[in-house]
Every structure is written in C-alpha cells, then in structure tokens.
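Letter by letter, the chains look like this.
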Amino acid sequence: QVQLVESGGGLVQAGGSLRLSCAASGRTFSDYAMGWFRQAPGQERQLVATISPSSRTYYADSVRGRFTISRDNAKNTLYLQMDSLKPEDTAVYSCAARAAQHHITIYRSPQSYDYWGQGTQVTVSS
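*Asks:* I'm lost on the state of the cysteines in this one. Help?
*Replies:* Within this structure, the stated rule accounts for 1 disulfide. In this model, Cys 22 is linked to Cys 95 through a disulfide, with the two sulfur atoms separated by 2.1 Å. Here the S-S torsion is close to 60 degrees, and the disulfide linking Cys 22 with Cys 95 is therefore right-handed. Within this pair, whereas Cys 22 is found in strand β3 (residues 18–25), its partner Cys 95 is found in strand β9 (residues 91–99), the two being separated by 73 residues in sequence. In this pair, the class of Cys 22 matches that of Cys 95, namely buried.

As structure tokens, then:
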C-alpha cells in the first residue's frame with residue numbers, strides 16, 4: 001500500500017505561482033511512477049504531468065512550459081511547480097502512484113494508477 005497526501009493548493013491571481021507537494025509513505029517511493037491529474041467541476045479527470053522513477057517526464061500540452069514536475073526520492077515527495085497560472089487551471093489536483101515496470105516508463109492514463117491522494121483545490125482568479 002502507498003499513502004499519498006497533497007498540500008500546497010490555494011487561491012492565486014492569474015499569472016501567479018503555486019507549488020504543490022505530494023508526500024508518499026508505505027512502500028519504496030523510488031520504484032513508483034508518479035503523476036499529477038486535475039479535475040474541474042463537470043469535467044473528466046485529466047493528466048497534468050507524469051514522472052518515471054528515473055525522472056523522465058511528460059506534460060499535457062495545456063501546461064507544457066508553465067508547469068514543472070519533479071520528485072525527491074530521499075524525501076518521498078512529488079512536486080508540481082505551477083507558474084503563469086491561468087483561470088482555466090482551476091481544478092482539484094491529485095497525485096497518483098503505481099509500481100513502474102521499468103525505471104523510464106511513464107503512464108498517461110488515470111486508469112494506469114493504483115494509488116491516489118485526496119486532492120487539493122487550486123483556484124486561479126482573473
């Protein structure tokens with residue numbers, strides 16, 4: 001089992017920045033592929049960014065160049081640095097984890113993940 005707890009959400013003006021954190025416990029964090037997903041009201045959950053055990057990354061087109069995903073295996077923590085935020089980034093952001101088949105493997109579908117945090121609200125005002 002892996003337990004995930006997000007933090008760092010809040011209210012920010014358009015153009016501002018936030019840094020989300022996801023603290024993991026329970027298993028060997030460094031063996032897990034991790035992802036950030038978001039869900040706005042009335043919309044399906046969508047991928048934001050993913051990172052493999054070896055820190056290979058993938059970003060959704062809507063956030064590429066503005067968001068940065070990273071991980072600190074020594075601290076068992078996943079991060080999402082969000083810059084140049086837009087009102088359309090408003091959503092509940094959740095981190096997810098799954099055991100990776102290979103250290104470079106990334107997973108883009110939410111159905112690929114086994115463990116989820118409770119989510120943190122990000123609201124961007126115009």
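*Asks:* Sorry, what's going on with the pairing of β9 here?
*Replies:* The side chains of a regular strand alternate between both faces of the sheet. When you tally the buried positions in β9, you get 7 out of 9 residues, the bulk of the element. Direction of pairing for strand β4 (residues 32–39) relative to β9: antiparallel, over a ladder of 8 bridges. By the bridge assignment, Tyr 32 is partnered in β9 with Ala 99. For β9 and strand β11 (residues 120–125), the ladder comprises 3 bridges, and the chain directions are antiparallel. From the neighbouring strand, Ala 91 faces β11, where its bridge partner is Val 122. Here β9 runs beside strand β10 (residues 115–116); their pairing, made up of 2 bridges, is antiparallel.

Reading the values: rules and limits
- Sequence order as written defines residue numbering, which begins from 1 separately in each chain.
- Since the coordinates come from a predicted model, pLDDT governs what is reported: local features require at least 70, and pairs of side-chain atoms require 80 or more to be given and counted, while whole-chain, interface and lining totals use all residues.
- Calculated side-chain values reflect all of the structure's heavy atoms, with hydrogen atoms and water omitted.
- Two cysteine sulfurs form what is called a disulfide whenever their separation falls within 2.5 Å.
- Counting from the N terminus, the helices are DSSP H or I runs at least four residues long and the strands are E runs at least two residues long.
- Burial status follows relative accessibility: with a 1.4 Å probe on protein chains alone, a residue under 20% of its type maximum counts as buried, one over 50% as exposed, and anything between as partly exposed.
- At least two DSSP bridges between two strands are required for those strands to pair.

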